[in-house]
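Architecture at a glance
What follows is each chain in one-letter form.
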Amino acid sequence: NAFGLSSRKILETFYPIEKISFDPKEKRYFTSLKSLLVGFKTKDDIVDPKTDEVIHKANKKISAPVKKRVGRLGKGSQKIEIDGESLIGCFLFEDLVDKKTGEVISGITQAITEDTLKLIEKHGIQEINILHVDEELPDTTIRETMLAAKVETQDEAIREIYKRLRPGDPPTAEIAKTLFWNLF
């Protein structure tokens with residue numbers, strides 16, 4: 001944030017973003033085959049269209065080798081139903097907002113919980129974007145740093161850095177910026 005980037009821009013720089021669709025009428029979650037994450041549980045068999053071989057059985061978690069095989073199918077946009085509970089522990093890429101009230105239901109970078117899923121269903125949110133963090137790509141350092149940082153603007157971030165470099169010396173905005181940019 002000290003460089004003036006938004007939280008969304010930082011996250012999309014370091015993590016692929018995956019789209020999850022929700023059908024509020026049937027209470028079912030879907031994703032594209034290319035967006036399947038290791039650990040997701042599918043509700044349908046995944047079949048190789050060329051050989052009719054079942055690559056992955058329904059109600060089983062996706063493993064790393066299966067994900068690689070699915071990635072080679074070439075039908076990345078095909079939708080597949082996933083178990084909503086597979087999303088528990090995934091991280092939101094954007095705020096979940098109640099369209100009627102404008103209230104933020106759950107914030108960016110928050111882990112999805114059972115309560116989050118209930119809120120998605122209650123408010124009929126039809127699409128969420130999550131950070132691609134799974135057993136293959138488990139590093140959440142950037143996300144955790146952003147969650148711990150209590151700064152919202154570039155000026156606040158630069159002042160926070162200044163306070164750590166020169167504790168006890170109250171910074172003015174201009175002095176803090178000058179010191180920060182001279183570091184680079």
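What counts and what doesn't
- Residues numbered from 1 in each chain as written.
- Predicted model: local features only at pLDDT ≥ 70, side-chain atom pairs only at ≥ 80, totals over all residues.
- Heavy atoms only, no water.
- Pairing = 2+ DSSP bridges.
- Helix = DSSP H or I, 4+ residues; strand = E, 2+ residues; numbered from the N terminus.
- Axes fitted to C-alpha atoms, helices over the stretch in contact; angles between N-to-C directions.
- Contact = heavy atoms within 4.5 Å.
- Parallel < 35°, antiparallel > 145°, perpendicular 65-115°, else oblique.
- Nonpolar A, V, L, I, M, F, W, Y, C, P; charged D, E, K, R; others polar.

**Let's talk about the sheet that holds strand S5 (residues 79–82)**
An order of S5-S2-S1-S8 is seen for the 4 strands of this open sheet, with the pairing classed as antiparallel. Lying at the two open borders of the sheet, with one neighbouring strand each, are S5 and strand S8 (127–131). Taking the axes of each pair of neighbouring strands and ignoring which way they run, one obtains an average angle of 35° across the sheet. Two elements, strand S1 (residues 17–23) and S8, share 5 bridges in a ladder whose sense is antiparallel. When the sheet's bridge partners are listed, Ile 17 is paired in S8 with Leu 131. Each of S1, strand S2 (28–32) and S8 is contacted by helix H3 (residues 114–123), which is oriented at about 100° to S2, the strand it contacts most.

**What about the packing of helix H5 (residues 154–165) against helix H6 (residues 173–183)?**
Two elements in contact, H5 and H6, have axes separated by 9 Å at closest approach and are oriented at 75°. Comparing the axis directions of H5 and H6 gives the class roughly perpendicular. Counted together, Gln 154, Asp 155, Ile 158, Arg 159, Ile 161, Tyr 162 and Leu 165 of H5 and Ala 173, Ile 175, Ala 176, Lys 177, Leu 179, Phe 180, Trp 181 and Leu 183 of H6 form the full contact between these two elements. Here the residues of the contact of H5 with H6 are counted per class, giving 11 nonpolar, 1 polar and 3 charged.

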